[in-house]
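Notes for the structure review
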Amino acid sequence: MNSEFQAQLLVVEDEPKVAAFIKKGLQTQSYAVEVAMTGEQAKNLLTSSRFDLIILDVNLPDITGLELAEYIRARPSQVPILMLTALDTVADKLLGFEAGADDYLAKPFDFMELLARVKVLLRRSAVVQQPEQILRVADLELDLHERVARRNGQTIALTAREYTLLEYLMRNAGRVVSRVDIAEQVWDVGFDTGTNVIDVYVSYLRAKIDKNSPTKLIHTLIGMGYVIKEK
Ligand code: CA
């Protein structure tokens, strides 16, 4: 059925039985499924992987599904979100839609109903052709589909690591990120921040992004970290 590509689904659900039930069912339908048991795990997966659809339980142990939906929309991401909840009231639905959910399913549900909703949401987002996903800071653009950076319309060749670092900075545009944050998010390790690997990579990025432009976008805050912003 998914002859052209295998859709990647993220299931955020803290009840192991429910999570396993959904995962198994979707896998038999040829979807690739990742499970996060907490909001924090979901955020980590969202940083490291791309998903075509997210199934999101409203009641999570650390943050609410509503908060997580808002977080996803603020990234920004248009990934379809299907909310799951124990309650089925109009007020709940409205809250879910306001937070950015595309559809809503009350527990307990029949798997075939879940599957039908998943198919509709995936088809709809395929038709919409995922409106261009581009991060922008001033005249710097990062095209998340093509995985390419442009400054003032000029393509900038980046290595995979430079790209990941730039993406992280741009997703947090205007916000200071520490070397520890960068180590965890870009290198996926909490390595000894005494090493200057991060500073070296930031200087590589600067040379490519800022060197030929009068407006510098990557700023160093001594003792705090880095921030990408217009001024
Ligand atoms: Ca739950």
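Read on for an overview of the structure. Every value quoted in this text rests on a predicted model; they were computed, and no experiment measured them.

1. Regarding the overall build of the chain
The secondary structure content of the chain amounts to 8 helices and 11 strands. Referenced to the eigenvectors of the C-alpha coordinate spread, the extents of the chain come out at roughly 55 × 35 × 35 Å. Long-range pairs, those at least 24 residues apart, make up 56% of the contacts in the chain between residues at least 6 apart in sequence. With an accessible surface of roughly 12,300 Å², the chain has 52% of that area assigned to carbon and sulfur atoms.

2. With respect to the sheet that holds strand β8 (residues 148-151)
Pairing is antiparallel in the open sheet, where 4 strands are placed in the order β6-β7-β8-β9. Strand pairing shows two members of the sheet lacking a second neighbour, β6 (134-137) and β9 (154-156), which therefore form its edges. The average angle at which neighbouring strand axes cross in this sheet is 25 degrees, direction not considered. When β8 meets β9, the two strands line up antiparallel, connected through 3 bridges. Counterpart to Ala 149 in the pairing with β9 is Ile 156. Each of β6, β7 (140-143) and β8 is contacted by helix α6 (residues 160-171), which is oriented at about 115 degrees to β7, the strand it contacts most.

3. Description of the sheet that holds strand β2 (residues 32-36)
Spatially, β2-β1-β3-β4-β5 is the arrangement adopted by the 5 strands of the open sheet, whose pairing is parallel. At either end of the open sheet lies a strand with only one pairing partner, and these are β2 and β5 (103-106). Neighbour-to-neighbour, the strand axes of the sheet open up by a mean angle of 20 degrees, direction not taken into account. As paired strands, strand β4 (residues 81-85) and β5 are joined by 4 bridges and run parallel to one another. Bridge pairing in β5 links Leu 84 to Leu 105.

4. Considering the pattern of salt bridges
Going through the model one piece at a time under the given rule, you end up with 14 salt bridges. Notably, a salt bridge pairs Asp 210 with Arg 151, separated by 3.0 Å at the nearest N-O pair. Linking Asp 210 in the loop between α8 (197-209) and β10 (218-221) with Arg 151 in strand β8, this pair joins segments that are 59 residues apart in sequence. Arg 151 carries the same exposure label as Asp 210, and that label is buried.

5. Looking at the nonpolar core
Counting residues in each nonpolar core, the largest one holds 26 residues, and the members touching the most others are Leu 140, Leu 142, Leu 166, Met 170, Ile 182 and Ile 228. Per-element accounting of this core gives the leading share, 6 residues, to α6. If we skip the residues at most four places from it in the chain, Ile 182 touches Leu 165, Tyr 168, Val 177, Trp 187, Ile 198 and Tyr 226.

6. Focus on the coordination of the calcium ion
Every protein donor of the calcium ion is listed here as Asp 14 (OD), Glu 15 (OE), Asp 57 (OD) and Asn 59 (O), and their distances to the metal cover 2.1 to 3.1 Å. Summarised as a motif, the one-chain spacing of the donors to the calcium ion is D-E-x41-D-x1-N. Here Glu 15 is found in the loop between β1 (8-12) and α1 (16-28), whereas its partner Asn 59 is found in the loop between β3 (53-57) and α3 (65-74), with 44 residues between them in sequence. According to the relative accessible area criterion, Glu 15 is partly exposed, its value standing at 37%.

7. Let's talk about the packing of helix α2 (residues 39-48) against α3
Relative orientation of the contacting elements α2 and α3 amounts to 20 degrees, with a least axis distance of 11 Å. It follows that α2 is roughly parallel to α3 by the angle criterion. The chirality of how α2 crosses α3 is right-handed. On α3, the residues that touch Gly 39, Ala 42, Lys 43 and Leu 46 of α2 are Leu 68, Tyr 71 and Ile 72.

Each value, and the rule that gives it
- Residues numbered from 1 in each chain as written.
- Predicted model: local features only at pLDDT ≥ 70, side-chain atom pairs only at ≥ 80, totals over all residues.
- Heavy atoms only, no water.
- Helix = DSSP H or I, 4+ residues; strand = E, 2+ residues; numbered from the N terminus.
- Contact = heavy atoms within 4.5 Å.
- Areas by Shrake-Rupley, 256 points an atom, 1.4 Å probe, with all protein chains shown as cover.
- Pairing = 2+ DSSP bridges.
- Axes fitted to C-alpha atoms, helices over the stretch in contact; angles between N-to-C directions.
- Salt bridge = Lys/Arg side-chain N within 4 Å of Asp/Glu carboxyl O.
- Buried < 20%, exposed > 50% of the residue type's maximum accessible area, 1.4 Å probe, protein only.
- Core = buried A, V, L, I, M, F, W, Y, C linked by side-chain atoms within 4.5 Å.
- Donors = N, O, S within 2.8 Å, 3.2 Å for Na, K, Ca; no water.
- Parallel < 35°, antiparallel > 145°, perpendicular 65-115°, else oblique.
- Left-handed = near helix turned anticlockwise from the far one by under 90°.

As far as function goes, none of this settles anything; it's purely spatial.
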